[in-house]
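Chain by chain, the residues run as shown.
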Amino acid sequence: MLTKKRMIQFIAIFLVVCSIVITWQWFDSKEWLRDVGLLFHRPKWLVFMVIAYLASFLLKAAAWRIYAGQDVKFAVYFHAISYSLLVNHVLPIKVGDGVRTGLLMKNGRKSWEDALHSVAVMRLLDMLVLAVIGGIGIVRMGLPSSWIWVTLLASGTAILATAHYLPVIRKFPFVVKHSAYFHLKMLSGKGLAILGLITFSWVLEAGVIFAVSQIINVQLGSISLVWANSMTIAGQIFHITPGGIGTYESTMSGSLALLGVDGKDAYRAALLSHTFKFLFAYALGGYSLLRMPLHFREMKAWISRVTSQTKSQSYNKVRKED
């Protein structure tokens, strides 16, 4: 039986294999170094990328603070996201949320349970916003699968909006507690602010691929690039390499190709934008290490804690299915 975990692993491996194929076909080390050099020879676009990308994380931190509690300093939320970004670009599995949770628990005086809840909700809202942007683009392009996307999106949104009132949820006090808090926050004026900030943050993140398209002369409109960026980030759920190497290039190249960009130019744009994001992740992570230092053993303990919880939940789910 093909489980959800195995299906994700299969798709992740498939995307990495696709990346290897297109890298074998189109990668040219001299051309790549020349493209990286263009970043520094066109400083206005490099500054634009840094500002847009940094602003996107500031907005995500602001949205998280509104949801989790404004009694905690903004810097805690921002550095927690920065650490998460760094860890995800160093380790082959996406476990940065463990450090993100731990830092909020430590410096925000939250329980592990409450901190993890807020991190999980932010991730859920990220994926919801990306799915909406992706769905709009798919429908506009008239792809055959558009009706499936719309159906799944509508179903998922309806479940989120009504989950707290479902009889099956009411049987579990722990779930009721967290769903009640989610509804309290999201079905208020704060919910609209949170969704607005998250949406705008993803629009700003698309500024990276927009600048890259200008640098290497790929002619695409800004709205199309927001869609391509959203599809690419959504694809990072299949993250099995540091920073999603392979999956990022495959999904970004494929998205740009669907928009009519030449295959090699699409790959160049994906490779250059990902190179910038790696450099940014290390630079921002280094800044957070200086401003809000963490010991390696702390990060390791938090990562182990969140991964052990995930494994325990998966095991319990398998036992129930058996």
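Heads up: these notes are all about the structure in this document. (Residues numbered from 1 in each chain as written. Predicted model: local features only at pLDDT ≥ 70, side-chain atom pairs only at ≥ 80, totals over all residues. Heavy atoms only, no water.)

### What about the side chain of Ser201?
Residue position: Ser201 is located in helix α10 (residues 189-205). Classification of Ser201 by relative accessible area gives buried; the value is 0%. Polar contacts involving the side chain of Ser201 include one to the side chain of Lys60, which spans 3.2 Å. Leaving out residues up to four positions away in the same chain, Ser201 has contacts with Ser56, Leu59 and Lys60. (Helix = DSSP H or I, 4+ residues; strand = E, 2+ residues; numbered from the N terminus. Buried < 20%, exposed > 50% of the residue type's maximum accessible area, 1.4 Å probe, protein only. Polar contact = N/O pair within 3.5 Å; in protein donor to acceptor, adjacent residues only side chain to side chain. Contact = heavy atoms within 4.5 Å.)

### Thoughts on the nonpolar core
Considering soluble globular proteins, one finds that nonpolar side chains tend to be buried as a cluster. If you look at the biggest cluster of nonpolar residues, it comprises 74 residues, and the most contacted ones within it are Trp64, Ile194 and Leu256. Residue contributions to this core peak at 11 residues, all from helix α3 (residues 43-68). (Core = buried A, V, L, I, M, F, W, Y, C linked by side-chain atoms within 4.5 Å.)

### What to know about the packing of helix α4 (residues 74-88) against helix α14 (residues 263-291)
For any two helices packed against each other, the geometry is given by the interaxial angle and the distance between the axes. Between α4 and α14, the least distance of the axes is 8 Å, while the angle of their chain directions is 130°. Overall, the two elements α4 and α14 adopt an arrangement that is oblique. Handedness of the α4/α14 crossing: left-handed. Packed against α4, whose contacting residues are Phe78, His79, Ser82, Tyr83, Leu85 and Leu86, the element α14 presents Phe280, Ala281, Tyr282, Leu284, Gly285, Tyr287, Ser288, Leu289 and Arg291 at the interface. Broken down by class, the residue content of the contact of α4 with α14 amounts to 10 nonpolar, four polar and one charged. (Axes fitted to C-alpha atoms, helices over the stretch in contact; angles between N-to-C directions. Parallel < 35°, antiparallel > 145°, perpendicular 65-115°, else oblique. Left-handed = near helix turned anticlockwise from the far one by under 90°. Nonpolar A, V, L, I, M, F, W, Y, C, P; charged D, E, K, R; others polar.)

### Things to note about the environment of Gly254
Tracing the sequence through the fold places Gly254 in helix α13 (residues 247-258). By relative accessible area, Gly254 is classed as partly exposed at 33%. For the pair Gly254 and Ala266, spaced 12 residues apart in sequence, the C-alpha to C-alpha distance is 7.7 Å.

### Focus: α4
The end-to-end C-alpha separation of α4 is 22 Å, in line with the 21 Å expected for 15 residues at 1.5 Å each. Taking burial as the measure, the 15 residues of α4 include 13 buried ones, the bulk of the element. (Expected span 1.5 Å × (residues − 1).)

### A word on empty space enclosed by the protein
With the rule as written, the count across this model stands at one cavity of 30 Å³ or more. The computed volume of the largest cavity comes to approximately 60 Å³. If you go around the largest cavity, the residues you meet are Trp26, Phe27, Asp28, Glu31, Trp32, Asp35, Tyr267, Arg268, Leu271 and Leu272. Only α2 (29-41) and α14 provide two or more residues apiece to the lining of the largest cavity. Looking at the lining of the largest cavity element by element, the count peaks at four residues for α14. Residues belonging to the lining of the largest cavity are distributed by class as follows: six nonpolar, no polar and four charged. (1 Å grid on protein atoms, 1.4 Å probe; cavity = no way out; pocket = protein on both sides within 12 Å on 5 of 7 lines; lining within 4 Å. Points joined across faces, edges and corners; volume = space filled by probe spheres on them.)

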